[in-house]
Structure formats: C-alpha cells, structure tokens
Amino acid sequence: MTAALPHDALPWSAAEFEARLRALESRYHIHHPFNRRLNSGALAPFQVRGWVANRFYYQHAIPMKDAAIMANCEDRATRRRWALRLLDHDGRDDFAGVNAGGIETWSALGTAVGLSREDLWTFRHVQPGVRFAVDAYVNFARRAPWQEAIISSLTEMFAPKIHADRLAGWPSHYPWIDASGLGYFRSRIPLAQRDVEHGLEVALAYGDTRAKQQRAVAILGFKLDVLWSLLDAVDRAYPDDLAPELRP
Ligand SMILES: O=C(O)c1cc(C(=O)O)c2c(n1)C(=O)C(=O)c1cc(C(=O)O)[nH]c1-2
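The name given to the protein chain in an unreviewed UniProt entry is Pyrroloquinoline-quinone synthase, with Rivibacter subsaxonicus as the source organism. Regarding the protein chain, the relevant UniProt record gives this comment under Sequence similarities (unreviewed entry): "Belongs to the PqqC family."

A.B. asks: Can you explain the side chain of Thr155? Please cite residues and give values.
C.D. replies: Position of Thr155 among the secondary structure elements: in the loop between helix H8 (146–152) and helix H9 (159–173). In this view, Thr155 contacts Tyr28, Leu220, Lys223, Leu224 and Leu227; residues no more than four positions away in its chain are not counted.

A.B. asks: I'd like a description of the site of the ligand, backed by residues and values.
C.D. replies: Near the ligand you find 18 residues, and of these Tyr28, Lys65, Tyr137, Arg166 and Tyr184 are the closest. In this structure, an oxygen atom belonging to the ligand sits 2.8 Å away from a side-chain N or O atom of His29. The side chain of Tyr137 places a nitrogen or oxygen atom 2.5 Å from an oxygen atom of the ligand. About the coverage of the ligand: the protein hides 99% of its 470 Å² of free accessible area. Mapped onto the shell around the ligand, the elements with two or more residues apiece are helix H3 (45–71), H9, helix H10 (183–206) and helix H11 (210–237). The greatest single-element share of the shell around the ligand, amounting to four residues, is contributed by H3. Classifying every residue of the shell around the ligand by side-chain character gives seven nonpolar, five polar and six charged.

Rules used in this analysis
Residues numbered from 1 in each chain as written. Predicted model: local features only at pLDDT ≥ 70, side-chain atom pairs only at ≥ 80, totals over all residues. Heavy atoms only, no water. UniProt positions renumbered as here; feature names shortened; annotations may be inferred. Helix = DSSP H or I, 4+ residues; strand = E, 2+ residues; numbered from the N terminus. Contact = heavy atoms within 4.5 Å. Near = heavy atom within 4 Å. Polar contact = N/O pair within 3.5 Å; in protein donor to acceptor, adjacent residues only side chain to side chain. Areas by Shrake-Rupley, 256 points an atom, 1.4 Å probe, with all protein chains shown as cover. Nonpolar A, V, L, I, M, F, W, Y, C, P; charged D, E, K, R; others polar.

Written out as structure tokens, the structure reads:
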C-alpha cells in the first residue's frame with residue numbers, strides 16, 4: 001500500500017492552478033516603469049523609437065522560438081495548431097491571399113515612429129541586455145520539453161490589455177505617430193486570445209502533479225523576467241537627457 005500524500009503535495013485543482021498562473025500578472029511588464037511612461041504619454045519621440053527598435057528583436061525571434069517548440073514536439077495535433085504561430089509572424093502568400101505577418105506589421109510601426117527599415121533590420125539600436133533576454137527565451141524553447149516551452153508563452157494571457165492601452169492612449173499622447181502604424185497592436189488582441197486558449201490547455205494537461213504545477217509557475221516567472229529585463233535595458237539606454245547625437 002502506498003502512503004497517502006501529504007495534503008500540500010496534492011495537485012491544485014485546474015481552477016486553482018490557472019488562478020496561480022494568472023496571479024503572476026503582478027510581475028508583467030505592463031507594470032514596468034518604462035511601460036508606465038510609454039503608455040502615459042511621458043516619452044519623447046527618440047525614447048519611443050528606441051523601444052520600437054529594441055522590441056523588434058523580440059518580434060523577429062518569436063517565430064524562431066515557435067519553430068524550436070515545433071522541432072521538439074512529437075504530437076502532430078499540437079504541431080498543426082502551433083504552425084499557425086509561425087505564419088502569424090512571418091506572414092504567408094497562398095490561395096487565401098497575402099498576409100504580411102506580424103514582423104512586417106511591426107516594421108510598419110517602425111516607419112510610423114520615424115525609423116528607417118535599416119534602423120530596424122540591422123538591429124543597430126538593439127541593446128546587449130535586450131539581446132540576452134530574448135536569446136534566453138529562444139534558448140529555453142530549444143532546450144525544454146515542448147509543453148514547458150509552451151507554458152513560457154503564457155505571458156500572452158496579459159498582453160491584450162497592454163495592446164489595448166496603446167491603442168487607446170497613443171493617438172492622443174503621440175499624435176506625431178501615424179495611426180496606420182498601430183495595426184500590429186490591433187491584430188494581436190484576437191491572436192493572443194486564441195494562443196492563450198491553446199497554451200492553457202497544454203499547461204493544464206502538463207500540470208498533473210503539484211511539482212509540475214509549481215514548475216509551470218516558475219517557468220512563467222522566468223518568461224516574465226525576460227520581458228522585464230528587456231524593458232530594464234531599454235529604460236537604461238534612453239534616459240531623458242541622452243545626448244542628441246545618440247538618439248535613434
Ligand atoms: O507587446 C507586448 O507587450 C507583448 C507581449 C508578449 C508577451 O507577453 O509575451 C507578446 C507580444 N507582445 C506579442 O506581440 C507577441 O506576438 C507575442 C508572442 C509571444 C510568445 O511568447 O509566444 N508573446 C508575445
């Protein structure tokens with residue numbers, strides 16, 4: 001006969017597990033001082049440009065991260081759904097027409113804030129801390145079991161609000177940004193909701209023991225740190241008194 005598990009080793013219910021993942025919202029980069037300033041209209045154009053150019057490094061890495069997850073995933077049903085994420089970001093030309101994809105749409109945001117294509121695509125404004133943070137995310141996806149890598153994408157639970165804040169605030173805070181550049185944020189809201197539905201399904205199936213549930217919470221914490229570190233590096237690179245010749 002096996003001994004009964006102590007109560008604290010029993011798995012949380014699905015609802016409690018999901019609530020514990022969602023409780024990590026308090027560590028989301030929506031609360032980072034740089035994001036607070038960005039979304040309250042406090043930033044100068046060069047600081048907004050710095051953020052857009054640095055975040056582009058994250059955008060361009062997302063499909064590589066998603067391809068790493070696919071490469072590690074032996075489950076065909078999961079791959080069929082996951083493949084859409086690659087196309088969401090890279091775009092596609094097929095019988096259904098042309099979809100420029102998220103990377104191209106982010107590039108349009110770059111143009112709208114006054115960056116050249118070269119500014120974005122050469123990554124010349126990308127800060128070392130941004131590179132390290134984003135590369136850590138991609139490397140985690142290469143190394144971890146696919147279920148764990150999928151759990152790390154669940155910061156997207158909190159993303160619709162940050163996109164909606166930008167859509168609501170930027171037109172009045174930053175009238176100098178061409179409104180056509182905000183399409184990326186609009187496009188991500190329904191996609192993030194779809195992605196989260198799938199990600200949560202995977203997380204709930206994975207978390208069949210208390211230890212695995214706790215690991216899932218720690219993995220989501222790691223990803224929150226990636227996003228937080230990215231903004232730390234951007235914040236530090238573009239102080240209000242940055243010399244004009246160093247401004248993007
Ligand atoms: O603008 C944001 O604050 C933000 C955050 C996140 C996120 O929370 O990971 C993503 C995105 N945007 C995003 O646009 C996006 O495509 C995306 C994909 C993923 C992911 O981990 O697979 N996160 C995010």
